[in-house]
Amino acid sequence: MNGLELKELRKDTNTTQLELAEYLGYQINGLPNRSMIARFENGHAKINTRVAMLCKLFFETKKSIV
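Draft legend 1. Structural view of the overall build of the protein. Along the backbone of the protein there are four helices and two strands. Overall, the protein shows an N-to-C arrangement of helices and strands of α-α-β-β-α-α. Computed over the C-alpha atoms, the radius of gyration of the protein is 11 Å, within 12% of the 11 Å expected from 2.2 N^0.38 for a compact globule of 66 residues. Along the longest, intermediate and shortest principal axes, the C-alpha atoms of the protein span 30 × 25 × 20 Å. For the protein, contacts bridging at least 24 residues in sequence account for 60% of all contacts bridging at least 6. Summed over its atoms, the accessible surface of the protein is roughly 4600 Å², and 52% of this surface lies on carbon and sulfur atoms. For the protein, the distance from the average position of its 10 positive side-chain charges to the average position of its 7 negative side-chain charges is 6 Å.

Draft legend 2. Fine view of unusual backbone geometry. One non-glycine residue, Asn14, adopts positive backbone phi at about 50°. For Asn14, the location among the structural elements is in the loop between helix H1 (3–12) and helix H2 (17–24). Classification of Asn14 by relative accessible area gives exposed; the value is 68%. Of note, the phi angle at Asn29 is positive, near 55°, even though the residue is not glycine. In this structure Asn29 comes out as exposed when scored by relative accessible area, which is 77%.

Draft legend 3. Region of the structure containing a nonpolar patch on the surface. A surface patch of nonpolar side chains, about 260 Å² in accessible area, is lined by Tyr23, Leu54 and Leu57. Relative to the assigned elements, Leu54 resides in helix H4 (residues 49–65).

Draft legend 4. Representation of the packing of H2 against H4 within the structure. Direction vectors running N to C along H2 and H4 enclose 120°, while the axes themselves pass 11 Å from each other. Here H2 lies oblique to H4, going by the angle between them. In this structure, H2 crosses over H4, and the sense of that crossing is right-handed. Here Glu19, Leu20, Tyr23 and Leu24 of H2 lie close against H4, whose contacting residues are Val51, Leu54, Cys55, Leu57, Phe58, Phe59 and Lys62. Residues that form the contact of H2 with H4 fall into these classes: nine nonpolar, no polar and two charged.

Thresholds applied
- Residues numbered from 1 in each chain as written.
- Predicted model: local features only at pLDDT ≥ 70, side-chain atom pairs only at ≥ 80, totals over all residues.
- Heavy atoms only, no water.
- Helix = DSSP H or I, 4+ residues; strand = E, 2+ residues; numbered from the N terminus.
- Rg over C-alpha atoms; globule rule 2.2 N^0.38 Å.
- Contact = heavy atoms within 4.5 Å.
- Areas by Shrake-Rupley, 256 points an atom, 1.4 Å probe, with all protein chains shown as cover.
- Lys, Arg positive; Asp, Glu negative; His and termini not counted.
- Charge placed at Lys NZ, Arg CZ, Asp CG, Glu CD.
- Buried < 20%, exposed > 50% of the residue type's maximum accessible area, 1.4 Å probe, protein only.
- Patch = residues over 30% accessible without salt bridge, like charges linked within 9 Å, V, L, I, M, F, W, Y side chains within 5 Å.
- Salt bridge = Lys/Arg side-chain N within 4 Å of Asp/Glu carboxyl O.
- Axes fitted to C-alpha atoms, helices over the stretch in contact; angles between N-to-C directions.
- Parallel < 35°, antiparallel > 145°, perpendicular 65-115°, else oblique.
- Left-handed = near helix turned anticlockwise from the far one by under 90°.
- Nonpolar A, V, L, I, M, F, W, Y, C, P; charged D, E, K, R; others polar.

In short, geometric facts, not functional conclusions.
Right, dumping it as structure tokens:
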């Protein structure tokens, strides 16, 4: 998964960067931090295999609920 694919999945499911950051556990001072999601989407950070698997699970679950 690359940043563009992540962004498309997120937009297709009407998911905010903040919501995804909370699910993945990216936090600063105990609050969800969307900056890591933005870094993934803009190509400033590589999405590792585990994060990609968690994202796919998140989006599959979200699509099945809707």
